[in-house]
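Structural characterization, general
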Amino acid sequence: MTNIKVISYIELKEEREKFRKQIIKVIVSRDTEYNDETIIPSSDEIQLVRYNYYIQHGIDTVHVAPIEQHWISHILDLVPISLKKKHVKEVNAIFLEVKEDFQVAIKKGIVDFVLDDFKFMMQDSISKNDGKQLESFNKSARIEFDQAKQVISKNLFISNPVMVYLHQLWHKQFSDLRLIQVNTFYASKSALDLSDFNKFANESISQAITRLKKDWYPAIHQILSLSDTENDIPMQRHRTKFYHFHRCVITIMTHQLQMLCLTSLSEVTDFLTNMQVK
């Protein structure tokens, strides 16, 4: 009995070694016609393609362990019930995608285990190619880089204190502002008909607009006035720079108003969706 076990183990080990050699021969072997580095794709790129192809098609899924059912349950528990009921097709599609990604990850682990340091070999070759590309960064590219940097510095004012103050103003004082206060609907104990909902929505929007006019816009005007005295705003005689500066201010203000509208619509949509599910 002991001899039989030893022979079986040896045969199994030989089969694994044979399988290992076959994979290495298929993936790592270099073709003689691709020895020239000027040919596209290069030999390293061909190896990488072989590596990815073998992961996708070289290992039978029968020999790959399936994903555990309790893992799937934990993943689905993270999805709200309302979304699972409303988007059944999307949830099923994502579920299949997770299963496929899991299988690919297991296959990749098998190939990496067989090839040992193959990944590190590929990374070394890629890093060497990157070094060659950096060395070939010639003077003309440097000139183009400096010109682009100069254009950006003239037209964009990302690090200007005024832009920072505008962002701080919105996030500190107006981040809770909504066109329609959905919390009032949740707090209401009685049902609202369409006329009441329309009346409440119009009043809420009017209050939000009033707050923007009385608080937000004057605060921005104050920031610009103070920044002008501290020379943070380009002078008017520099027309191009002055123009682009105010375009940046307008862009930030527009973005903040757009986010206000989108956030308000999203909260109202979530409220109506939850009410429909219930």
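The structure displayed is predicted, hence computed values, not measured ones.

1. Some words on the overall build of the protein
- A count of helices and strands for the protein gives eleven helices and zero strands.
- Put simply, the protein has 278 residues, and 22% of those count as buried.
- Summed over its atoms, the accessible surface of the protein is roughly 21300 Å², and 59% of this surface lies on carbon and sulfur atoms.

2. Notes on the packing of aromatic side chains
- Using the criterion set out here, one finds four aromatic pairs in the structure.
- For the pair tryptophan 170 and phenylalanine 174, a centre-to-centre distance of 5.9 Å together with 25° between the ring planes defines the contact as stacked. Like tryptophan 170, the residue phenylalanine 174 is buried in the burial classification.
- Here tryptophan 170 and tryptophan 216 contribute two aromatic rings whose centre-to-centre distance is 5.7 Å and whose plane-to-plane angle is 75°, an arrangement assigned as edge-to-face. Here tryptophan 170 is found in helix H8 (residues 161-173), whereas its partner tryptophan 216 is found in helix H10 (residues 194-229), with 46 residues between them in sequence.

3. Things to note about the side chain of asparagine 160
- Here asparagine 160 shows up in the loop between helix H7 (139-155) and H8.
- For asparagine 160, the side chain forms a polar contact with the main-chain nitrogen of valine 162, separated by 2.9 Å.
- For asparagine 160, the contacting residues outside a window of four places in its chain are Asp232 and Phe245.

4. Here's the deal with the nonpolar core
- Ranked by internal contacts, the top residues of the largest apolar core, which has 22 residues, are Met163, Leu166, Leu169, Trp216 and Phe245.
- Listed by contribution, the elements that provide at least two residues to this core are H8, H10 and helix H11 (239-277).
- Each residue touching leucine 169, except ones within four places of it in the same chain, is listed here: Phe174, Trp216, Ala219, Ile220 and Ile223.
- One finds Ile180, Val182, Ala201 and Val268 within the second-largest nonpolar core, a separate group that totals six residues.

5. Overview of the packing of H8 against H10
- It is the contact of H8 with H10, at a shortest axis distance of 10 Å, that shows an interaxial angle of 155°. Here H10 runs roughly antiparallel to H8, going by the angle between their axes. Handedness of the crossing formed by H8 with H10: right-handed. Residue-level inspection shows Val162, Tyr165, Leu166, Leu169, Trp170 and Gln173 of H8 in contact with H10, the latter providing Arg211, Leu212, Trp216, Ala219, Ile220, Ile223, Leu224 and Ser227.
- Each residue belonging to the contact of H8 with H10 can be placed in one class, and the counts come to eleven nonpolar, two polar and one charged.

6. Observations concerning unusual backbone geometry
- Phi angles above zero are rare outside glycine, and asparagine 231 is one such case at about 60°.
- Residue placement: asparagine 231 occurs in the loop between H10 and H11.

7. Some thoughts on the side chain of serine 204
- Positionally, serine 204 belongs in helix H10.
- Within the local environment of serine 204, its side chain forms a polar contact with the backbone nitrogen of glutamine 181, the two atoms lying 3.3 Å apart.
- Among residues more than four places away in sequence, those in contact with serine 204 are Arg178, Leu179, Ile180 and Gln181.

8. Some remarks on the pattern of salt bridges
- The final tally for this structure, using the stated rule, is two salt bridges.
- The closest approach of N and O atoms between arginine 211 and aspartate 176, which form a salt bridge, is 3.8 Å. Of this pair, arginine 211 sits in helix H10 while aspartate 176 sits in the loop between H8 and helix H9 (182-187); the two residues are 35 residues apart in sequence, bridging distant segments of the chain.
- Judged by its relative accessible area of 27%, arginine 211 falls in the partly exposed class.
- Note that glutamate 267 and arginine 178 form a salt bridge whose closest N and O atoms lie 2.9 Å from each other. Of the two residues, glutamate 267 sits in helix H11 while arginine 178 sits in the loop between H8 and H9, which places them 89 residues apart along the sequence.

9. Considering a nonpolar patch on the surface
- Residues Ile152, Leu156 and Ile158 make up a contiguous nonpolar surface patch of about 310 Å² in total accessible area.
- Inspection of the secondary structure puts isoleucine 158 in the loop between H7 and H8.

10. Details of the confidence of the model for the protein
- Counting all residues, the mean pLDDT for the protein is 76, and 67% of those residues have values of 70 or more.
- Of all the helices and strands in the protein, helix H6 (residues 118-135) carries the lowest mean pLDDT, 51, while H8 carries the highest, 91.
- Across residues 1-6, confidence stays below pLDDT 50; counting only partners more than four residues off in sequence or on other chains, it has zero contacts.
- Under a pLDDT of 50 for its full length, residues 117-121 has, in the predicted model, seven contacts with residues more than four places off or in other chains.

So, how was this worked out
Residues numbered from 1 in each chain as written. Predicted model: local features only at pLDDT ≥ 70, side-chain atom pairs only at ≥ 80, totals over all residues. Heavy atoms only, no water. Helix = DSSP H or I, 4+ residues; strand = E, 2+ residues; numbered from the N terminus. Buried < 20%, exposed > 50% of the residue type's maximum accessible area, 1.4 Å probe, protein only. Areas by Shrake-Rupley, 256 points an atom, 1.4 Å probe, with all protein chains shown as cover. Phe/Tyr/Trp six-rings, centres within 6.5 Å; stacked < 30°, edge-to-face > 60°. Polar contact = N/O pair within 3.5 Å; in protein donor to acceptor, adjacent residues only side chain to side chain. Contact = heavy atoms within 4.5 Å. Core = buried A, V, L, I, M, F, W, Y, C linked by side-chain atoms within 4.5 Å. Axes fitted to C-alpha atoms, helices over the stretch in contact; angles between N-to-C directions. Parallel < 35°, antiparallel > 145°, perpendicular 65-115°, else oblique. Left-handed = near helix turned anticlockwise from the far one by under 90°. Nonpolar A, V, L, I, M, F, W, Y, C, P; charged D, E, K, R; others polar. Salt bridge = Lys/Arg side-chain N within 4 Å of Asp/Glu carboxyl O. Patch = residues over 30% accessible without salt bridge, like charges linked within 9 Å, V, L, I, M, F, W, Y side chains within 5 Å. pLDDT = per-residue confidence, 0-100.

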